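These are the residues of each chain, in order.
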Amino acid sequence: MIRTHVLVCTGTGCTSSGSLATRDALLAELKKHGLDNEIEIVETGCMGRCDLGPVSLVHPDGTFYKNVLAAEVPKLVEEHFLKGRPYKKLLPEDPTTHNAVLTQADFTFFNRQLRIVRDNCGVIDPENIEEYIARDGYLALGKVLTEMKPEQVITEIKASSLRGRGGAGFPTGKKWEIMRKASDFPKYVVCNADEGDPGAFMNRSVLEGDPHSVIEGMAIGAYAMGASRGFVYIRAEYGLAVKRLHIAIEQAYKYGFLGKQLFGTNFDFDVEVRIGAGAFVCGEETALMRSVEGRRGQPQPRPPFPAQRGLWGKPTNINNVETWATIRPIMLKGAKWFASIGTEKTKGTKVFCLAGKINNTGVAELPYGTTLREMIFEVGGGIPNGKKFKAVQTGGPSGGVIPEQHIDEPIDYESLQKLGSIMGSGGLVVMDEDSCMVDVARFFLEFCCDESCGKCPPCRVGTRQMLNILDRISKGEGEPDDIGKLQDLAAMVKDTSLCGLGQTAPNPVLTTLRYFRQEYEAHIHDKRCPAQVCRDLLSFTINQEKCVGCSVCARSCPVNTIFKVKGQKKYFIVEEDCIHCGACLDTCKFDSIIKASEGPSHTAPPKPEFEPIPGRKMAVTR
Amino acid sequence: MSKPVATSTTSITAPPRTHGSSESTAPMLPHHPSGDQRFAQLDQTMQHYNYEPTALIQVLHAAQHSFGYLALDVLRYIASAMKLPLAHVYGVTTFYNFFSLVPRGKYQIMVCTGTTCHVRGAATVVERVGQQLGIKQGETTKDGLFSLQTARCIGACALAPAITVGDDVYGKLSPDKIPRFCQKELKKYV
Amino acid sequence: MNLDELKKLKEKAQRQVALREGNKKYRVVFSMGTSGIAAGAREIMTTMLDEIDKRGIENVEVAVTGEIGLVDAEPVIRIEERSGEKVTYAKVNADAARKIVSEHLQKGKVVDGLAVGKVKQKEAERLK
């Protein structure tokens, strides 16, 4: 009899921390102790705490271990599996309570969550369809096909008030109804797994951890809308998710959940995977469809909407991974149950990705209406290293930053929009006092500018012009009327771009201007970067009192601009040649490098006389 | 779709046929004159997709996987086999970031520059990896082993800053850890 | 595949993952300290696991713990019921282990001759 299951996360995050080596070490160690007949190792999808990886969960005790590196395995097996006591060294600490955590239930990060979409993630082996079946897998599809009419399915989805999880929040039931009424055939359903927003990886974690839930949702949707063919459009960057999706589809065919005459009815459904090739704009539905058709992913004007003319000119429904994965629980537990969760306008839960300057990074699923403060300071465990919270960025490059005075707002589509940001895919990137808002705005604009498909001039040219201005500002060459110019350009790009990419591209600039205007002004007028990020506005000097003359900084300097002061055991940075890379700051063990951004009023210390360092070429001073 | 991108006798807008059937309607093509086995592999892939124009991106993926990059010769071969105008194939290839027309190193070093990695210092990471390898972004080392690129977001935000080398993901590589990373971890690939 | 077949398959598959749901009726805890192992607790555990498997008993999870506190009476096992009732068996040999499985875990009857301590539900609540 198997008495214990050891769940080892083999999602992308934990794999990169070495969870496959951990799995092998566990197998070997258990065999060595003759425990391999009583203890089984199960590879699961993402448990949501990639930063603690490799993570592992031991059942039936429910003990949650972090950093289970292969080297720790012998001790872990001895403590937990032989002696039956938790291996304390690998128990995580809850940054909110500062207690060692034994099970997931003791961990604020986990116990605040309500898991509907990610219910199976990190619990089942995603490559084993039977484990999915054990958790009511394909039961919803079976019931829908044998007991419900397509119209009833749509009524149920409408009653649940489910809104699309891809970002815009369009009511899913309504979308399905429009598609159902389209009279052209064949119809197609598409799963948008082109999760391009930087800072968002919830779709990846669902596809890696529970691919069948997406397939089942698509099959239910296809039945309700009268489609018989589906495509999953997934990014090429998500290698493991692609692999697991392929395995899941293959197994679903084998078990008769895909293919012809499902559950003895006349409903046929086929699913195919289409892999993207690295174009952010393909997350936009009209561009996505063109990419599925094997063409350049350039968007098209709407209307006609995909439900009228989509793939190959036929009615097409496109939903996001999370939306598809939410269909199954709604059909199993009922619309009423689902509608009881969340806020008045937005029902259910959302999977958020917490990242950036935050203690608990990872994937967390919470009901809509949770406030940003709860997300960041309770679930997220606050800001590390005692730094001060500055802003949270939501919605990726299309979203905006939200400052501290607004973090008591509940997270839903309407309130985020009111603040100038958007819900987007649910990525939350937390920034502390060390993040420069001009730099952040520049970063996102550069992203959109690069990813603009080039079809419409407002997006292609407008974002470039805005980027040029921001580049200037961050180099300390900003002009007084730059803020006004940015605002004008932003309004133009927003109003006249063809697709969502251009229409939302100015959001990061507009929100940073709205909440952090004084930072722009410091860059423009004082030529100073208050957060000390914009390189051209920095200065590096060596504190002559602290310098012990160890020469580490001089040797690490890529442009050879740190010299030994003649006759003294001290070093000095020649500012003219310094590229402000910060290599000296990172290598100095005596805390003697001073990084500052003081603007032009700052006068450089007088240059001492230097002596050459043996074996090092002197930099040519301009 | 109102208008096909390319003017061709083949309809790009036709819906796909169900692929994977052994009875292909397309004629068997003669192998590439060079006799390079990789072209035979490419033939198989195209046959799997029934030479469907809609599978072009998937075919390009397969081609890049076996050739390392997409030389004009390869694009020409694909275009003629799939009965697509070369301009269309070229247009698709150059639209997507994933495809490269020039040879790249044996291993791609991709430094993630997503938001989270950015706020944790990805720009400096790119610079320092470049310094360590003696190349700039977009270049390949002299021994042809590594090329340095940046990625939009690899979805490993919890491990920021992250780098991928080939298929391996490395996380929590803050700028100060880069020299050590290049000297130790990258040696494994040599 | 039809709905009935799926339901059957589900029942079968549930056994594979039931361990992770954590709502079994019985929890058998083995005292696996030094003295327990010396007295043969490991072998008893293997015997018991085999027996549970053979009889196809589903409602049991098995765990190990450190010394329970009856060093001179090892091997010691404790059976905890979800309701709170706890029974401790001491000096368990292979035959006794099988009997505990067939009587206690399968039929719900405490094996009187072997049980040394029994904490009833009410008492358990009081102790809490």
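All of these numbers come straight from a predicted model, not from anything done at the bench.

> Any details on the overall build of chain B? Residues and values, ideally.
Within chain B, the secondary structure is distributed over seven helices and four strands. Along chain B, from the amino end to the carboxyl end, the secondary structure elements read α-α-α-α-β-α-α-β-β-β-α. In chain B, which comprises 190 residues, the share counted as buried stands at 51%. For chain B, contacts bridging at least 24 residues in sequence account for 63% of all contacts bridging at least 6.

> How would you explain the packing of helix α9 (residues 202–209) of chain A against helix α13 (residues 321–333) of chain A if you had to name every residue and give the values?
Residue and element names in this part refer to chain A. At a closest axis distance of 9 Å, the pairing of α9 and α13 adopts a crossing angle of 45°. The orientation of α9 relative to α13 falls into the category oblique. Residues Met202, Asn203, Val206 and Leu207 of α9 form the contact with α13, whose own contacting residues are Val321, Glu322 and Ala325. Taken together, the residues of the contact of α9 with α13 sort by class into five nonpolar, one polar and one charged.

> Account for the domain arrangement of chain A, with residues named and values stated.
Residues and elements named next belong to chain A. With domains assigned, chain A is organised as domain 1 (4–107), domain 2 (129–339), domain 3 (349–432), domain 4 (437–525) and domain 5 (538–611). Between the C-alpha centres of domain 2 and domain 4 there is a distance of 35 Å. Listed as interface residues are eleven residues of domain 2 and, on the opposing side, nine residues of domain 4. Counting the contacts that link domain 2 with domain 4 gives zero salt bridges. Linking domain 2 with domain 4 are three residue pairs in polar contact (both at pLDDT 80 or more), by the criterion used here. The residue makeup of the side of domain 2 that touches domain 4, split by class, is six nonpolar, four polar and one charged.

> Can you explain the sheet that holds strand β9 (residues 349–356) of chain A? Please cite residues and give values.
All names here are of chain A. A sheet is described by the order of its strands in space; here five strands give the open sequence β10-β9-β13-β11-β12, paired in mixed fashion. In the strand order of this sheet, the two ends are held by β10 (362–367) and β12 (400–403), each with one partner. Recorded for the sheet is a direction-independent mean angle of 30° between the axes of neighbouring strands. Two elements, β9 and strand β13 (residues 427–432), share four bridges in a ladder whose sense is parallel. Following the sheet pairing, Leu354 is matched in β13 by Leu428. Here α9 sits on the sheet in contact with β9, β10 and β13, set at roughly 115° to β9.

> How would you summarise the pattern of salt bridges if you had to cite specific residues and measurements?
Enumeration over the complete set of coordinates arrives at 60 salt bridges over all chains. The partner of A:Lys260 in a salt bridge is A:Asp270, and the shortest N-O contact between them spans 4.0 Å. Taken together, the residues A:Lys260 in the loop between α11 (239–254) and β7 (270–275) and A:Asp270 in strand β7 connect sequence positions ten residues apart. Given a relative accessible area of 59%, A:Lys260 falls into the exposed group. Among the ionic pairs, A:Glu322 bridges to A:Lys350, the shortest N-O distance being 2.6 Å. Of this pair, A:Glu322 sits in helix α13 while A:Lys350 sits in strand β9; the two residues are 28 residues apart in sequence, bridging distant segments of the chain. When its relative accessible area of 0% is taken as the criterion, A:Lys350 is described as buried. Connected through salt bridges with shared partners, the residues A:Asp61, C:Arg27, C:Glu61, C:Arg78 and C:Glu80 form a single ionic network.

> Go over the interface of chain B and chain A, please, and point to the residues and values.
For an interface, size is often stated in terms of accessible area lost upon the parts coming together. Taken together, the 53 residues of chain B in the interface contact 67 residues of chain A. Carbon and sulfur atoms supply 55% of the area that chain B and chain A bury against each other, a total of about 4600 Å² over both sides. For the interface between chain B and chain A, the tally reads five salt bridges. Notably, a salt bridge pairs A:Arg535 with B:Glu127, separated by 2.7 Å at the nearest N-O pair. Linking chain B with chain A are 23 residue pairs in polar contact (both at pLDDT 80 or more), by the criterion used here. Counting residues per element, the side of chain B that touches chain A draws most heavily on helix α4 (residues 86–95) of chain B, which supplies five residues.

> So what's going on with the sheet that holds strand β6 (residues 229–234) of chain A? Which residues, and what values?
All names here are of chain A. The sheet built from four strands is open, its strands ordered β7-β6-β5-β8 with parallel pairing. Each of the sheet's edge strands pairs with one partner strand only, and the pair in question is β7 and β8 (316–320). For this sheet, the mean inter-axis angle between neighbouring strands, taken without regard to orientation, is 20°. With six bridges connecting them, β6 and β7 associate as parallel partners. When the bridges of β7 are listed, Gly230 appears paired with Val271.

> Can you lay out the nonpolar core for me, pointing to particular residues and giving the numbers?
Residue and element names in this part refer to chain A. Ranked by size, the top nonpolar core spans 76 residues in total, and within it Ile234 and Phe269 carry the most contacts. Counting residues per element, this core draws most heavily on helix α10 (residues 211–225), which supplies nine residues. Of the domains in this structure, domain 2 (129–339) and domain 3 (349–432) are the two that each give at least three residues to this core. Setting aside anything within four residues of it in sequence, one finds Phe269 in contact with Val189, Met218, Ala219, Ala222, Ala227, Ser228, Arg229, Gly230, Tyr253, Leu258, Gly259 and Leu262.

Conventions and cut-offs
- Residues numbered from 1 in each chain as written.
- Chains lettered and ligands numbered in written order.
- Predicted model: local features only at pLDDT ≥ 70, side-chain atom pairs only at ≥ 80, totals over all residues.
- Heavy atoms only, no water.
- Helix = DSSP H or I, 4+ residues; strand = E, 2+ residues; numbered from the N terminus.
- Buried < 20%, exposed > 50% of the residue type's maximum accessible area, 1.4 Å probe, protein only.
- Contact = heavy atoms within 4.5 Å.
- Axes fitted to C-alpha atoms, helices over the stretch in contact; angles between N-to-C directions.
- Parallel < 35°, antiparallel > 145°, perpendicular 65-115°, else oblique.
- Nonpolar A, V, L, I, M, F, W, Y, C, P; charged D, E, K, R; others polar.
- Domains from an automatic or database assignment.
- Salt bridge = Lys/Arg side-chain N within 4 Å of Asp/Glu carboxyl O.
- Polar contact = N/O pair within 3.5 Å; in protein donor to acceptor, adjacent residues only side chain to side chain.
- Pairing = 2+ DSSP bridges.
- Buried area = accessible area lost by both parts, 1.4 Å probe.
- Core = buried A, V, L, I, M, F, W, Y, C linked by side-chain atoms within 4.5 Å.

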